[in-house]
Amino acid sequence: MNTRQALREQLHALWATAGCFLVGAILGFIMLQGAPSAFIGTGSIAVKIAVIAAAIASLAFIISTVFYRRDETWHMPRWQKLVSNVSAIAVTLAMGGVTAIGVLLAGQVLATGLQGLELGPIGGGLLSGVAAALSGRLSFQAGIHLSTKNLSALLFSYLIIGTVFAMTTATDPTWWERNFSQLGAGSGAWAFNGTLIIAGLLIATVGSYIGRDLHRLLDDVAIPRIATVVIIWFAAGIALTAVGFLPIDQIPVPHNIVAFASLMLLIAAAGYTQFALPDPPLVLKVVTTLLVIVVGISAVLTFLFSVISVTALESIVVGLALLWMTTFIRVLGILTPDASLASRRRRLVPRTVFTRRLSKGQKKPV
């Protein structure tokens, strides 16, 4: 990318920021009509501002994607376009979710320092404009050059922001004595469960972009291996999303099953994805081995000897999985070309596979 193009992108991002501020301020002014309201609490304006900022951030990402990357899938076969478009939709939803939780956490911190703060239409509108401008600019920038590295950083940040917000709104101060799932119980359960739902969506999408990068690196010959990688990441993301939809205080058995499955699938995704590379670098082998060994030892110490708590085990597994993901994606980014690669396969699953299976299932005439 040359200097002129980079400066042009920054100019566009500046105009996007100004536009997001203007739209956010107008919507905030309209939605906050009436007497001044408390910033946090019953009837608070923080939720309205979060909704406005989330919608504008999603729209900014869509505009940026269409403007800068609309030709990326032009020469791709239909199945590859479908995968790319579904991934883009998932990222758009994730942008909105990340923005909403981020605004709510910032509001919680602001209300702690400015207790009793009340805002009317003008003050609330200006604050809504600021939130929309910040989130809109970040989303617009992400849409210009969306990469697997950007998505993994977004996932890492979102898990921290969402978990901290859930901690600050938890109704049970002793949740940490049992496990993280206790944050998804009670009146404030929506914060943690919503975080898990969006995080699961992000994990599945990260898997899709890992598959995209592996295809750019290995070409069509590796599509079966790449498809397996994407499926495992997708399953891990769906399992984590299911954890959010199955609160532990309402349906504990299904919750525990999918929670354990999500942890195991994350480990499986890390292990198999490494072997999708023809010659994994030493640093990746070391981090993968470290992940498996430490998780195995931690599980033994948790379930056989009760030395560490389930909460600590969950923290170790998720932390190491994110460490592995960061290392792998950085390595993959070094090895992978930046140019988009269209598959030469007209179908993801060749028609001959179905023909062969059909012929096997047919009975020989008597």
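None of the values given here were measured: they were computed from a predicted structure. (Residues numbered from 1 in each chain as written. Predicted model: local features only at pLDDT ≥ 70, side-chain atom pairs only at ≥ 80, totals over all residues. Heavy atoms only, no water.)

Overview of the layout of surface pockets
The condition that has to hold: The distinction between a cavity and a pocket rests on a 1 Å grid over the protein atoms alone: a 1.4 Å probe fits inside a cavity but cannot get out, while a pocket stays open yet meets protein on both sides within 12 Å along at least five of seven lines, and a residue with an atom within 4 Å of a point counts as lining. Grid points are joined across faces, edges and corners, and a volume is the space filled by probe spheres set on the points. Only DSSP runs of H or I covering at least 4 residues are called helices, and only runs of E covering at least 2 are called strands; the numbering of each starts at the N terminus. Ten residue types, Ala, Val, Leu, Ile, Met, Phe, Trp, Tyr, Cys and Pro, are classed as nonpolar, four, Asp, Glu, Lys and Arg, as charged, and the remainder, Gly among them, as polar.
Computed from the structure, the largest pocket encloses a volume of approximately 850 Å³. Taken together, 34 residues form the lining of the largest pocket, with Val 83, Ser 84, Ser 87, Ser 208 and Val 230 sitting closest to its centre. Of all the elements in the fold, those that place two or more residues in the lining of the largest pocket are α3 (78-113), α6 (189-218) and α7 (223-245). Element by element, the count of residues in the lining of the largest pocket is highest for α6, at 11 residues. Taken together, the residues of the lining of the largest pocket sort by class into 19 nonpolar, 11 polar and four charged.

Some remarks on unusual backbone geometry
Phi angles above zero are rare outside glycine, and Asp 219 is one such case at about 70°. Positionally, Asp 219 belongs in the loop between α6 and α7. With a phi angle near 55°, Ser 306 is a residue other than glycine that sits in the positive phi range. Here Ser 306 lies in the loop between α9 (282-303) and α10 (310-335).

Examining the packing of helix α2 (residues 46-69) against helix α4 (residues 121-144)
Threshold: Angular values range over 0 to 180 degrees, each being the angle between N-to-C directions of two axes fitted as lines to C-alpha atoms, with helices fitted over their stretch in contact. When describing relative orientation, an angle under 35 degrees is termed roughly parallel and one over 145 degrees roughly antiparallel, while 65 to 115 degrees is termed roughly perpendicular and anything else oblique. Note on convention: near helix rotated counterclockwise from far helix by under a right angle means a left-handed crossing. Clockwise means right-handed. Any two residues having at least one pair of non-hydrogen atoms within 4.5 Å are treated as being in contact.
The interhelical angle for the contact between α2 and α4, taken along N-to-C directions, is 30°, at an axis separation of 7 Å. Considered as vectors, α2 and α4 are oriented roughly parallel to each other. Here α2 runs over α4; the crossing is right-handed. Residues Ile 49, Ile 52, Ala 53, Ile 56, Ala 57, Ala 60, Phe 61, Ile 63, Ser 64, Thr 65, Tyr 68 and Arg 69 of α2 form the contact with α4, whose participating residues are Gly 124, Leu 127, Ser 128, Ala 131, Ala 132, Ser 135, Gly 136, Ser 139, Phe 140, Ala 142, Gly 143 and Ile 144. Of the residues in the contact of α2 with α4, the class split is 15 nonpolar, eight polar and one charged.

Let's talk about the environment of Ala 94
Formally: Burial status follows relative accessibility: with a 1.4 Å probe on protein chains alone, a residue under 20% of its type maximum counts as buried, one over 50% as exposed, and anything between as partly exposed.
By the element assignment, Ala 94 lies in helix α3. Overall, the relative accessible area of 0% leaves Ala 94 in the buried class. In this structure, the C-alpha to C-alpha distance between Ala 94 and Ser 187, residues 93 residues apart in sequence, is 24 Å. If near-sequence neighbours (up to four positions away) are discounted, Ala 94 is found in contact with Ile 198, Leu 201 and Leu 202.

What about empty space enclosed by the protein?
Following the criterion strictly, the structure yields one cavity of 30 Å³ or more and no others. By volume, the largest cavity amounts to about 40 Å³. Class assignment of the residues belonging to the lining of the largest cavity gives a composition of five nonpolar, three polar and one charged.

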